[in-house]
Amino acid sequence: MRLFLAPFLIGMAVLVVLPALATLVLAFTRYNALQPPVWIGLQNFSKLLASPLVGLSLRNTLLFIGLAVPLRLMAALGLALLLRPSGRRFAIHRAVAYLPTLIPEAAYALIWLWIFNPLYGPLNHLLALVGLPLPTWLTDPTSARLAIIIMLVFQMGEGFLVLLAGLHNTPQVYYEAARMDGASAWQILWRITLPLLLPWILLLTCRDILASLQATFTPTYILTYGGPYYATMFFPLLIYELSFDFVDYGLASALLVMMYALMALLIVAILRLARAGGVDV
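Owing to the predicted nature of the structure, the values given are computational and were not obtained by experimental measurement. (Residues numbered from 1 in each chain as written. Predicted model: local features only at pLDDT ≥ 70, side-chain atom pairs only at ≥ 80, totals over all residues. Heavy atoms only, no water.)

Caption draft 1: Focus on the overall build of the protein. Counting its regular elements, the protein contains 13 helices and two strands. Taking the principal axes of the C-alpha coordinates as reference, the protein spans close to 75 × 55 × 40 Å. Residues counted as buried form 38% of the 281 residues belonging to the protein. By sequence separation, contacts in the protein at least 24 residues apart represent 64% of the contacts at least 6 residues apart. As displayed, the protein has an accessible area near 16,300 Å², and 72% of this comes from carbon and sulfur atoms. Counting 15 positive and 10 negative side-chain charges, the protein places the averaged centre of each group 5 Å from the other. (Helix = DSSP H or I, 4+ residues; strand = E, 2+ residues; numbered from the N terminus. Buried < 20%, exposed > 50% of the residue type's maximum accessible area, 1.4 Å probe, protein only. Contact = heavy atoms within 4.5 Å. Areas by Shrake-Rupley, 256 points an atom, 1.4 Å probe, with all protein chains shown as cover. Lys, Arg positive; Asp, Glu negative; His and termini not counted. Charge placed at Lys NZ, Arg CZ, Asp CG, Glu CD.)

Caption draft 2: Expanded view of helix 4 (residues 88-102). Across its 15 residues, helix 4 extends 21 Å between first and last C-alpha, which sits within 8% of the 21 Å expected from 1.5 Å per residue. Taken residue by residue, helix 4 has Phe90, Arg94, Ala97 and Pro100 as its buried positions. Check the buried side of helix 4 and you find it contacts helix 3 (52-82), helix 5 (105-115) and helix 8 (157-168). (Expected span 1.5 Å × (residues − 1).)

Caption draft 3: Representation of the packing of helix 3 against helix 8. Direction vectors running N to C along helix 3 and helix 8 enclose 45 degrees, while the axes themselves pass 8 Å from each other. On the basis of their axis angle, the class for helix 3 and helix 8 is oblique. At the point where helix 3 passes helix 8, the crossing takes the right-handed sense. Packed against helix 3, whose contacting residues are Leu73, Ala76, Leu77, Leu79, Ala80 and Leu81, the element helix 8 presents Gly159, Phe160, Leu163, Leu164 and Leu167 at the interface. (Axes fitted to C-alpha atoms, helices over the stretch in contact; angles between N-to-C directions. Parallel < 35°, antiparallel > 145°, perpendicular 65-115°, else oblique. Left-handed = near helix turned anticlockwise from the far one by under 90°.)

Caption draft 4: Spatial organisation of helix 12 (residues 235-245). Burial analysis of helix 12 places eight of its 11 residues in the buried class, which makes it a mostly covered element. Residues of helix 12 that are buried: Phe235, Pro236, Leu237, Leu238, Ile239, Glu241, Leu242 and Ser243. Contacts made by the buried residues of helix 12 are with helix 2 (43-49), helix 3, helix 10 (185-214), helix 11 (217-224) and helix 13 (249-276). Positive backbone phi, at 50 degrees, marks valine 247, one or two positions downstream of helix 12.

Caption draft 5: Fine view of the nonpolar core. In terms of nonpolar packing, the biggest core is built from 57 residues, with Phe64, Phe116, Met151 and Leu255 touching the most fellow members. No other element matches helix 3, which puts nine residues into this core. (Core = buried A, V, L, I, M, F, W, Y, C linked by side-chain atoms within 4.5 Å.)

Caption draft 6: How the structure looks around a nonpolar patch on the surface. Residues Leu5, Phe8, Leu9, Ile10, Met12, Val14, Leu15, Val16, Val17, Leu18 and Leu21 make up a contiguous nonpolar surface patch of about 1,100 Å² in total accessible area. Mapped onto the elements of the fold, leucine 15 is located in helix 1 (residues 2-26). A relative accessible area of 66% means that leucine 15 is categorised as exposed. (Patch = residues over 30% accessible without salt bridge, like charges linked within 9 Å, V, L, I, M, F, W, Y side chains within 5 Å. Salt bridge = Lys/Arg side-chain N within 4 Å of Asp/Glu carboxyl O.)

Caption draft 7: Examining the environment of glutamate 241 more closely. Mapped onto the elements, glutamate 241 comes out in helix 12. Looking at glutamate 241, the relative accessible area reads 11%, which means it is buried. Separated by 91 residues in sequence, glutamate 241 and isoleucine 150 place their C-alpha atoms 24 Å apart. Residues contacting glutamate 241, with those up to four places away along its chain left out, are Tyr225, Met233 and Phe246.

Caption draft 8: A look at the packing of aromatic side chains. Tallied over the entire structure, the rule returns 15 aromatic pairs. For the pair tyrosine 31 and tyrosine 249, a centre-to-centre distance of 6.1 Å together with 50 degrees between the ring planes defines the contact as tilted. In this pair, tyrosine 31 is assigned in the loop between strand 1 (29-30) and strand 2 (38-39) and tyrosine 249 in helix 13, connecting sequence segments 218 residues apart. With a relative accessible area of 22%, tyrosine 31 lands in the partly exposed category. Classification of tyrosine 249 by relative accessible area gives partly exposed; the value is 23%. Here phenylalanine 217 and tyrosine 240 contribute two aromatic rings whose centre-to-centre distance is 5.3 Å and whose plane-to-plane angle is 55 degrees, an arrangement assigned as tilted. (Phe/Tyr/Trp six-rings, centres within 6.5 Å; stacked < 30°, edge-to-face > 60°.)

Caption draft 9: Representation of the pattern of salt bridges. Scanning all chains against the criterion turns up three salt bridges. When the shortest N-O distance is used, the salt bridge between arginine 72 and aspartate 208 registers 3.2 Å. Pair noted here: arginine 72 is in helix 3 and aspartate 208 is in helix 10, with a separation of 136 residues, a long-range link. Summarising the burial analysis for this pair, arginine 72 and aspartate 208 share the class buried. Between arginine 207 and glutamate 158 there is a salt bridge; the shortest N-O distance is 2.0 Å. Here arginine 207 is found in helix 10, whereas its partner glutamate 158 is found in helix 8, with 49 residues between them in sequence. Exposure remark for glutamate 158: the relative accessible area of 37% places this residue in the partly exposed category.

What follows is the structure in structure tokens.
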């Protein structure tokens, strides 16, 4: 058994562990890939904390996480509840719900670039048909943030499948007993389904904090490149700019360490709140 695990462990060490350790070391150095790294201690972190652009990127990142993660979870849960019944018709709908997750990120971003076009994009045509205001989407700071959130919410296929599996693993005896006692559909959802799915939802919350933030790079790079007025400048894009535009790998590594430290703090806070609320995690 250990022999079969060896390729995975070797790949994990070479592709994940060693780069992570190298990034952690480079975060304390001045390094431009042309000269050997020079140890400078905490200067990179001090420089980042004093940078207004990093502060703005931090606010954008926290705002994105605070909106995108709950919306993705609610959309995944709603679809899982809607497509829970068995049958060929529901199987097709499940495949359609999962389809956006399979599209390559660059192609997915280009599709949404067409959808958000204010002149000939289909989204504004639909809004015009129902008499709603027509945003300029990617040229306005507020609507640009909203556009990135909307397009990433549709990539909820993995969360949808996890919650669907959780629903199918829920003992049906609870629902039968509740119906015999005259419980309404809302009472069943609030008092049976959601409490039993809460560990699954917490797992997806922690996963989405990591995945959603990393998934911002491609759409922001292709659709807005951090604009307008740095409204969509999230940590991944800023790390890319520091690395390849300014060729400051030490500073970029420090920001990457800060990003993962921030996500770790958010996840620990969520898990502690869950334990304080009596959820076994």
